[in-house]
Every structure is written in C-alpha cells, then in structure tokens.
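Chain residues, written in single-letter form:
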Amino acid sequence: MPDTISTGNAGLDIILKGGLSPRRLYLLEGAPGSGKTTLALQFLRAGVRRGEKALYITLSETAEELAAVAASHGWDSGEFDVFEFDSAAEIFGEGRDQSILHPWEMELGETIRLIQEEVERVKPKRVVFDSLSEMRLLAQDPLRYRRQVLALKQFFSGRDTTVILVDDMTGKADGRDAHLHSLCHGVITLERLTLDFGAARRRLQVQKLRGIDFTAGYHDFTIRTGGLQIYPRLIAATHHGEFADEVTPSGVQGLDNLLGGGPLRGTSTLLTGPAGSGKTTIALQYLHAACERGEPSTVYEFDERIGTLMARAKAFGFDLEKHIANGTLCVEQIDPAEISPGEFAFRVRREVEERKARMIVIDSLNGYVAAMPQEQHLILQMHELLSYLSQKGVVTLLIDPQTGLVGAMTTSLNISYVADAVVLLRFFEAEGRVRKAISVLKNRGGAHEDTIRELRVDSGGIRVGEPLSQFRGILTGTPEYLGIRDPLMEDRDRER
C-alpha cells in the first residue's frame, strides 16, 4: 500500500507533502459556503480515477442537490455511490410503506446501522460522511453523539477505507468540537471571510495531521469551475536555484552607471518617487532591454490598463507588442477587488517556474496594497515573495508611487529595507522649469553612484545628465538647484 493517497486536489497534496495516510478517519470542517462539499467530491473522484469504489453518505443534501454541485464543476455524481436517507427505508426493506424517511424521524442508532449496512454492501475504499451536524441534532445529548462518532471510527478501523467526516460547525458555541478533533487522525479547516468590499476570501488550514510533516499556517484558495484552487503558502527557503551573478543593463549608459552597470540577477530594485516622475518609464527601459536579450519577462499591472501601458511604451519607442506576440513578454492585468496575497504569489511562481521569467515588474505597490486592504501581514508576504524571486535569480522591479507631488511624501507600503536597491526620483525647480532628478540611495549588489543627476524623458527615450552638485533640499521632497546652467539638459532639437 502507498504511504499516502491523493486528496484529489494538487494544492492540498503539496501542503500535505503528498496526501493523506490511507485507512484513517479525517475531519473536514468549515462554515456553510466555504467549499467543503466541493473538496469532498474531489477526494472521491480521485479514488474513482484509481479504480476504487467511493461512497458519499449525505444526511444534509439530497442526491439531486449533490448532482447539481458536481455538474457545476463538470463532474458526474454517478461515478460514485450516493447514499441519502430520504430513500434509506426503501433500500433496506424496513418501512417499505413509507415513501420518505427523514433523519429526524429516526433513532440515531438506526441511522448508524443503515450507514454500516450500506458500507458493507458497497465496500468502498473512500467514504465521505456529510454532515456531523445532523448527527448532533439526532443525538441531542452530547455524550450520546460522541459515543456514536467513536462507534463510527471503530467500525471503519477494521476496514481498508479512508473516511472524511464533514462538519459545518453549527450547534457548537465556539464552532469547534475539541473531542471530535482528538478522535480524528487529521483535521482540515476551511474559512470564508467577507471583506468590506470585493469578493469573499477563502483560506485553508491543516489543524493537525498525525504522522505527516505538513505545511502549517493559512493557505488562500478560490472555488473555480473544476474544484478548489488552493495556493500553498510560499516558503522561499525551499526554492533555491543556481544562477549567474551578472548585471542586467538597461541600454542607457547613464542609467546603468548609477547602479554600477545595472541590477544584479536575484535582486529587487525599488523605484520610488511622486507620480509622473518617470518610475514606470525606467522599468519599461529595463524590461524592453531584457526582452531584446530574449529573457522571458512579466509585468503585473495593478494601476494602469494594459492598453495605456502599451501606448506609453510605444510613445517611447519600446515595441512591447512584438515581444508579447513571440511569448517573451507577458502583461497581466490584476483586478484589485478579486485577488488574495496567496493567489498573487501563485501567479508569480507560475511565471517563474513554467515560463522561466527572468524579470518581474510589479506596478505598483500602491495597487498591491489596495487589492488587499484587510490583510494584516502584507510586508511579510511581500518579503517572502521577494526572497523567493531572489532564490530563483529573478530581477524584480517594484514601482512605489509616493503620496503627493512635492513636499514631504509618504508611501503606503514601506519595503525600502527589503529591496536590494532603491532609486529615488524627485521633481526640482531650476530657471523657472520643473525638472526631474534621479539618484541611488542604496545598492546591496555592489558599488553605485552617490551623485544626483538630471533625468529627461521624451519621445526619444530616457536621458541621464551630468552630476548636479549645487542642490538644496533634495531629500526633503522640495529640492532646488542653485548651480550653473551648463550641466542642465536641453530639449533634443535645441541640442542639435
């Protein structure tokens, strides 16, 4: 016999380091609407695909309702046996004169007896019992209920059967049954969280699992056509890969000089500054250069529409459509109201591991924060994601718009200490014109310039000017240039 059997869900199997131990009793608990029935059906279908007999025992739903749930995912409930108590009397002969036998009209002992007879008849390898809440109602007395659950466990213990007990956690003041947890070999909890705005968020936690070193903590998931899409929590330390320690130039000499040749493989660069200062344009310059080298790259667009981004790139002479057409570049529009941190990390992993992406651009961190307004640990989740990308040798560019255009400015997610390099952009005033300044505040990847240079962006692309030494207030957010005119750049047509 195998050490583990698949749950029928790839994400859950990863969390469980392979699956469940066979011939054991497990508890699947969660509030109504959290996805218990769907996951239970996936478990049974996995057994059917292995040629095993499977049985769904339902006290709460009719076979017709169960068939509708299965059909919504493109499945056929006829693949496995379904035992519902509305027809139990006709199946086993007792009370044939009754057309319907409701669970609340039966003694609990009789209910258990009918379940045992059906199991003896079908001889299934996998069983789902849905749900324990009805058994609580039948028992009415907590002690009697626990005795019957224990009797069920003892009944299945001598058989080659893996059982999942489904519990919607009703009928308990605190929602959880500690005694039930102790009886079961493992406990999986599903949660449904209603946010102030946007779609409900769902997450899964393995409460306990004897004999298996599972991945603890919460794991986000969504319910899609085809079942639960579970996103195992990202642990960066388990994803180390070998890569060359080299710079990634942008193709603009002045820009590359600021960072000692360009960002190193496996590093993250934070581009921060007020709106309109050139952050996205600099990211596009590096992105375009990577695509020209044939390196797969991905942009996650939280703020702008993809069409706006493409129009901006075209205005600067970056032919991104060519790279999208040949598969080198992927631009994903992120719906801020529909995504969880776990799903976003999963999408990034898919790009890195399946498309072998070498450069990732997140535009922007403000959009990332806005997409997850009620998450409590965004800094830690972003830290883990950046650590993962570093382990894989991916160059990451993070665009961080600061609040305000001039004066003291703030950011919504301060990860400057996490980023390997920080590029600061500012507006400044000189000779009656609003200009842009660029400087590098830190670069863990090696040496970098400590000068402040002028940045110009026009239809010809990016230009970086000579160092400007006569500045006052550059770091306060209200810089002013007091030097001579010569180092300042003019328009391209005037220079010619």
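All residue numbers refer to position in the chain's written sequence, counted from 1. Where local features are concerned, this predicted model is filtered to residues with pLDDT of at least 70; where side-chain atom pairs are given and counted, the filter is 80 or more; whole-chain, interface and lining totals use all residues. Side-chain calculation: all heavy atoms of the structure are included, whereas hydrogens and water are not.

Student: A description of the overall build of the chain should follow, citing residues and the corresponding values.
Tutor: Under the DSSP-based scheme used, a helix requires at least four consecutive residues in state H or I and a strand at least two consecutive residues in state E, with every element numbered from the N terminus. From N to C terminus, the chain includes 16 helices and 20 strands. What the globule rule says is 2.2 Å times the number of residues to the power 0.38, and the radius of gyration is computed from C-alpha atoms. Whereas a compact globule of 496 residues would reach a radius of gyration of roughly 23 Å, the chain reaches 30 Å, over 25% beyond that. Considering only contacts within the chain whose residues lie at least 6 apart along the sequence, 69% involve residues at least 24 apart. Carbon and sulfur atoms form 50% of the exposed surface of the chain, whose accessible area is close to 21,800 Å². Only four residue types enter the charge count: Lys and Arg as positive, Asp and Glu as negative, with His and the chain ends excluded. In plain terms, the charge of a residue is placed at NZ if it is Lys, CZ if Arg, CG if Asp and CD if Glu. Across the chain, the mean location of the 58 positive side-chain charges is 3 Å away from that of the 69 negative side-chain charges. For this analysis, residues touch if any pair of their heavy atoms sits within 4.5 Å. Accessible surface is estimated by sampling points in the Shrake-Rupley manner with a 1.4 Å probe; for residues, cover comes only from the protein chains shown.

Student: So what's going on with the pairing of strand 5 (residues 162-167)? Residues and values would help.
Tutor: The side chains of a regular strand alternate, first on one face of the sheet and then on the other. Think of it in three bands: residues with accessible area under 20% of the maximum for their type are buried, residues over 50% are exposed, and the middle band is partly exposed, with areas taken using a 1.4 Å probe on protein chains only. Most of strand 5 is tucked away, with six of its six residues classed as buried. A pair of strands is treated as paired once DSSP finds two or more bridges between them. Relative to strand 5, strand 1 (residues 25-30) runs parallel, the two sharing five bridges. Along strand 5, the bridge assignment pairs leucine 25 with valine 163. The pairing of strand 4 (residues 126-130) with strand 5 spans five bridges and is parallel.

Student: Can you lay out helix 10 (residues 279-292) for me, pointing to particular residues and giving the numbers?
Tutor: Its 14 residues give helix 10 an end-to-end C-alpha distance of 20 Å, which sits within 8% of 20 Å, the value for a rise of 1.5 Å per residue. Burial within helix 10 is extensive, with 13 of its 14 residues counted as buried. Just downstream of helix 10 lies glycine 294, where phi reads positive at about 85°. The span you would expect from a helix comes to 1.5 Å times its residue count less one.

Student: I'd like a description of the packing of aromatic side chains, backed by residues and values.
Tutor: Only centres within 6.5 Å qualify two rings of Phe, Tyr or Trp (six-membered ring in Trp) as a pair; their planes then separate them into stacked at under 30 degrees, edge-to-face at over 60, and tilted for everything else. According to the stated counting rule, one finds seven aromatic pairs in the structure shown. When the centroid spacing of 5.2 Å and the interplanar angle of 75° are considered together, the rings of phenylalanine 155 and phenylalanine 156 count as edge-to-face. Comparing phenylalanine 155 with phenylalanine 156 shows no difference in burial state: the two are buried. Among the aromatic side chains, those forming a connected cluster through ring pairs are Tyr300, Phe302, Phe344 and Tyr368. Placement of a charge over a ring requires the Lys NZ or Arg CZ to be within 6 Å of the ring centre, with the centre-to-atom vector within 35 degrees of the ring normal. The ring of phenylalanine 155 has arginine 159 lying over it, and the distance from NZ or CZ to the ring centre is 3.9 Å. The ring centre of tyrosine 218 lies 3.6 Å from the NZ or CZ of arginine 203, which sits over that ring.

Student: Explain the pairing of strand 18 (residues 461-467) to me, using residue names and the numbers behind them.
Tutor: Burial analysis of strand 18 places five of its seven residues in the buried class, which makes it a mostly covered element. In the sheet, strand 17 (residues 453-458) pairs with strand 18 via five bridges, with the strands oriented antiparallel. Residue valine 457 lies in a different strand from strand 18, and its bridge partner there is isoleucine 462. Hairpin remark: strand 17 followed by strand 18, antiparallel, with two residues in the connecting loop.

Student: Report on the packing of helix 10 against helix 11 (residues 306-315), specifying residues and quantitative values.
Tutor: Packing of helix 10 against helix 11 brings their axes to within 11 Å, and their N-to-C directions diverge by 75°. In terms of axis orientation, helix 10 runs roughly perpendicular to helix 11. Of helix 11, the residues touching helix 10 (which contributes Thr280, Thr281 and Leu284) are Leu309, Arg312 and Ala313. Only the stretch in contact is used when fitting a helix axis, every axis being a line fitted to C-alpha atoms; angles between N-to-C directions are given from 0 to 180 degrees. The labels follow the angle: roughly parallel below 35 degrees, roughly antiparallel above 145, roughly perpendicular from 65 to 115, and oblique for the rest.

Student: Tell me about the sheet that holds strand 3 (residues 81-84), and name the residues and values.
Tutor: Pairing is mixed across the open sheet formed by nine strands, whose spatial order is 3-2-4-5-1-6-7-8-9. Looking at strand neighbours, the two that pair on one side only are strand 3 and strand 9 (227-231), the edges of this open sheet. Strand-to-strand twist of the sheet, defined as the mean angle between neighbouring strand axes without regard to direction, takes the value 25°. With respect to the sheet, helix 2 (residues 36-49) is in contact with strand 1, strand 2 (54-58), strand 4, strand 5, strand 6 (186-193) and strand 9, its orientation differing from that of strand 4 by roughly 160°.

Student: An account of the packing of helix 5 (residues 108-122) against helix 6 (residues 132-139) is requested, with residue identities and associated values reported.
Tutor: Relative to each other, helix 5 and helix 6 sit at 145°, their axes nearing to 9 Å. For the pair helix 5 and helix 6, contact is made by Leu108, Thr111 and Ile112 and by Met135, Leu138 and Ala139, respectively. Residue composition of the contact of helix 5 with helix 6, by class: five nonpolar, one polar and no charged. For this classification, the nonpolar set comprises Ala, Val, Leu, Ile, Met, Phe, Trp, Tyr, Cys and Pro, the charged set comprises Asp, Glu, Lys and Arg, and every other residue, Gly included, is treated as polar.

Student: Provide a residue-level description of the environment of cysteine 291, including the pertinent values.
Tutor: Positionally, cysteine 291 belongs in helix 10. The sequence separation of cysteine 291 and glycine 327 amounts to 36 residues, and the corresponding C-alpha distance is 9.8 Å. Non-local contacts of cysteine 291, meaning those with residues more than four positions away in its chain, are made with Ser297, His323, Thr328 and Leu329.

Student: Break down the state of the cysteines for me, citing the residues and quoting the values.
Tutor: In what follows, a disulfide is any cysteine sulfur pair within 2.5 Å. One pass over the full model with this rule turns up zero disulfides. In this structure cysteine 330 is a free cysteine whose sulfur lies 11 Å from that of cysteine 291, the closest cysteine sulfur available.

Student: Which residues make up unusual backbone geometry, and what are the values?
Tutor: A cis geometry characterises the amide bond from aspartate 130 onward to serine 131, with omega recorded as 5°. By the element assignment, serine 131 lies in the loop between strand 4 and helix 6. In this model, aspartate 363 is joined to serine 364 through a cis peptide bond whose omega is 10°. As for its placement among the helices and strands, serine 364 is situated in the loop between strand 13 (359-363) and helix 14 (365-371).

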